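Chain residues, written in single-letter form:
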Amino acid sequence: MIVALRFKNFFSLRDNTVIDFTADITPTRNINFLADNLIRHNSDFFINIIGLFGSNAAGKSNLIKAMQLCRDMVINSKPTGSFVLQEFKPFKFSSSCPSEFYIDFIYQGVEYEYSYSILDSKILTEDLYYYPKKKRARVFSRLESGEYRLGKGVINRPAEVISSTGPGTLFVSQAASMNREIPGKVYDFFLNNIVTSVPDFRFEDLKRSDFEAYRTLILKAMEVSDSDIMDIQWQENLPGEIKLISRHKENPEIAFDFEKEESEGTKRLFFLVMILLKNLNNNLTIFWDEFDLKLHLRLAEFILDIVRASRSLQLVFTSHNPYLLDAEKMRPEQIVIVNKDSTGSSEFIPLSDYEGIGKLTDLRKAYLLGRFDGVPYTGDIYGLVNELKRKNEEA
């Protein structure tokens, strides 16, 4: 589970951009307020869904890209320094400054704080702290000078790892590859518990046990999407030869080959629901750009309800849909408005930071009217087009 993220100097994220999953517990928004949106860890509460809303080019997707790069670097950092950096770009006007990545997370009941900074494909600094007994302790710190500070007895034979860690290699990745326990746990978290794009799902990967377990909810998703599919059945004529048969309300006697004869949208919905249900207990944090693209509003809400019901999944999504701004389903700290300032830098402001927002506030109306500066102001487009047309005719 992620506690907080902080990125700096990456694409339009010039200043410290913070995404905080800590629940905003106040007398008016206590732990019983929209409790389905909370995950409890010991005596602390964290939110399970964060929606990023704003106009086109505000920088919403750049946060997803920052998380993707951060994950890819941890997983792919090699002794040669040949990690993937095709998508890496610092803020346009601060290209000589380092880019910084920080993630606070909980894995197997222990909290970790991992961060690093990078400039021109070189790792400048890198830090890992953890809380083995609820007290912050250093695992290692990598200084810009090239020196290391190590927690006493935390990493076995650290000199071996240091000597094989190049200037473009993350120490935590190298240590994990050399079977050092705590760096290995950090690596495993990035590999298995963070998803920065919805993975592909193939029919040949489908297991009958999963299909039968989730069949009721899959059919419910079909119903919500206004599909007339009333049933989906498993068929396996030969071992490993999977075939799904769907039947429609209009004529249930006629069988359809689900893979070959149903629409791409129907198949996409099927796989999205399967992926979420398969990971209900895996403590995943999913970053989903344009989450509701090509999804009916009711389907988007259906997927959000799966996340809420899981009590362990987390979802960060971007959207332009004002109908997802629902004060009856989202706590204020779960709604983040993204804008660009006059310098081109993105600002991420949770709704809980805005004054005068209450349970009775019509969030959709306020958003569309530009109260949060999250939508573009079009002005008198009709008049501008007519003026342009007149000038063209005169010319």
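In this report, we go over the structure that sits alongside the text. (Residues numbered from 1 in each chain as written. Predicted model: local features only at pLDDT ≥ 70, side-chain atom pairs only at ≥ 80, totals over all residues. Heavy atoms only, no water.)

Here the focus is the overall build of the protein chain. Scanning the protein chain from terminus to terminus reveals 10 helices and 18 strands. Per-residue burial over the protein chain gives 49% buried out of 395 residues. At a minimum sequence separation of 6, the contacts of the protein chain that also span at least 24 residues come to 61%. Total accessible area computed for the protein chain in this model is approximately 20,200 Å², and 49% of it derives from carbon and sulfur atoms. With 49 positive and 55 negative side-chain charges, the protein chain shows a separation of 5 Å between the mean positions of the two kinds. (Helix = DSSP H or I, 4+ residues; strand = E, 2+ residues; numbered from the N terminus. Buried < 20%, exposed > 50% of the residue type's maximum accessible area, 1.4 Å probe, protein only. Contact = heavy atoms within 4.5 Å. Areas by Shrake-Rupley, 256 points an atom, 1.4 Å probe, with all protein chains shown as cover. Lys, Arg positive; Asp, Glu negative; His and termini not counted. Charge placed at Lys NZ, Arg CZ, Asp CG, Glu CD.)

Ranked by internal contacts, the top residues of the largest apolar core, which has 60 residues, are Ile103, Tyr114 and Phe190. If you tally residues by element for this core, the top one is helix H1 (residues 60–76), at 8 residues. If you look at the next biggest cluster of nonpolar residues, it comprises 54 residues, including Phe53, Ile218, Ala221 and Trp288. (Core = buried A, V, L, I, M, F, W, Y, C linked by side-chain atoms within 4.5 Å.)

Read from one edge to the other, the open sheet built from 3 strands follows the order E12-E13-E14, with strand pairing classed as antiparallel. The sheet terminates laterally at strand E12 (229–236) and strand E14 (255–257), the two strands that pair on one side only. The mean inter-strand angle of the sheet, taken between neighbouring strand axes irrespective of direction, is 35 degrees. Relative to E14, strand E13 (residues 242–248) runs antiparallel, the two being bridged by 3 bridges. In the strand pairing of E14, Arg247 is matched with Ala255. Running at roughly 165 degrees to E12, helix H5 (residues 208–224) makes contact with E12 and E13 of the sheet. (Pairing = 2+ DSSP bridges. Axes fitted to C-alpha atoms, helices over the stretch in contact; angles between N-to-C directions.)

Right, let's get into the pattern of salt bridges. A complete count under the given rule lists 21 salt bridges for this structure. The partner of Arg157 in a salt bridge is Glu160, with the nearest N and O atoms 3.0 Å apart. Relative accessible area serves as the criterion here: at 46%, Arg157 is assigned to the partly exposed category. Glu160 sits in the partly exposed class, given a relative accessible area of 37%. A single network of salt bridges, built from pairs that share partners, joins Glu301, Asp305, Arg308 and Lys329. (Salt bridge = Lys/Arg side-chain N within 4 Å of Asp/Glu carboxyl O.)

To continue, consider the pairing of strand E15 (residues 285–288). On E15, burial covers both faces: Thr285 and Phe287 on one face and Ile286 and Trp288 on the other are all buried. Looking at chain direction, E15 and strand E16 (residues 314–319) are connected through 4 bridges and run parallel. Residue pairing in the sheet places Thr285 in a bridge with Gln314 of E16.

All right, on to the packing of H5 against helix H8 (residues 297–310) then. The contact between H5 and H8 brings their axes to 9 Å, and the two run at 155 degrees. When the axis of H5 is compared with that of H8, the two are roughly antiparallel. Contacts between H5 and H8 involve Leu217, Lys220, Ala221, Glu223 and Val224 from the first element and Arg298, Leu299 and Phe302 from the second. Here the residues of the contact of H5 with H8 sort into 5 nonpolar, no polar and 3 charged. (Parallel < 35°, antiparallel > 145°, perpendicular 65-115°, else oblique. Nonpolar A, V, L, I, M, F, W, Y, C, P; charged D, E, K, R; others polar.)

A few words on the environment of Val338. Within the secondary structure layout, Val338 lies in strand E17 (residues 335–340). Linking Val338 and Asn30, residues 308 residues apart in sequence, is a C-alpha distance of 26 Å.

Overall, the coordinates contain 23 aromatic pairs when judged by the stated rule. Consider the rings of Tyr107 and Phe189, whose centres lie 5.8 Å apart with planes at 65 degrees: the pair is edge-to-face. Of this pair, Tyr107 sits in strand E6 (residues 99–107) while Phe189 sits in helix H4 (residues 181–192), placing them 82 residues apart in sequence. For Phe189, a relative accessible area of 0% translates into the label buried. Joined through ring pairs, the aromatic side chains of Phe7, Phe10, Phe11, Phe101, Phe105, Tyr107, Tyr112, Tyr114, Tyr116, Tyr130, Phe189 and Phe190 make up one cluster. Of note, Arg6 hangs over the ring of Tyr102, and the distance from its end group to the ring centre comes to 4.2 Å. For Lys65, the ring lying beneath its charged end belongs to Phe11, and the centroid distance is 5.0 Å. (Phe/Tyr/Trp six-rings, centres within 6.5 Å; stacked < 30°, edge-to-face > 60°. Lys NZ or Arg CZ within 6 Å of the ring centre and 35° of its normal.)

On to the pairing of strand E3 (residues 38–41), then. Where E3 meets strand E4 (residues 44–47), 4 bridges bridge the pair, whose relative direction is antiparallel. Opposite Arg40, over in E4, you have Phe45 as the bridge partner. In sequence, E3 turns back onto E4 through a hairpin of 2 residues, with Asn42 there showing a positive phi of about 55 degrees.

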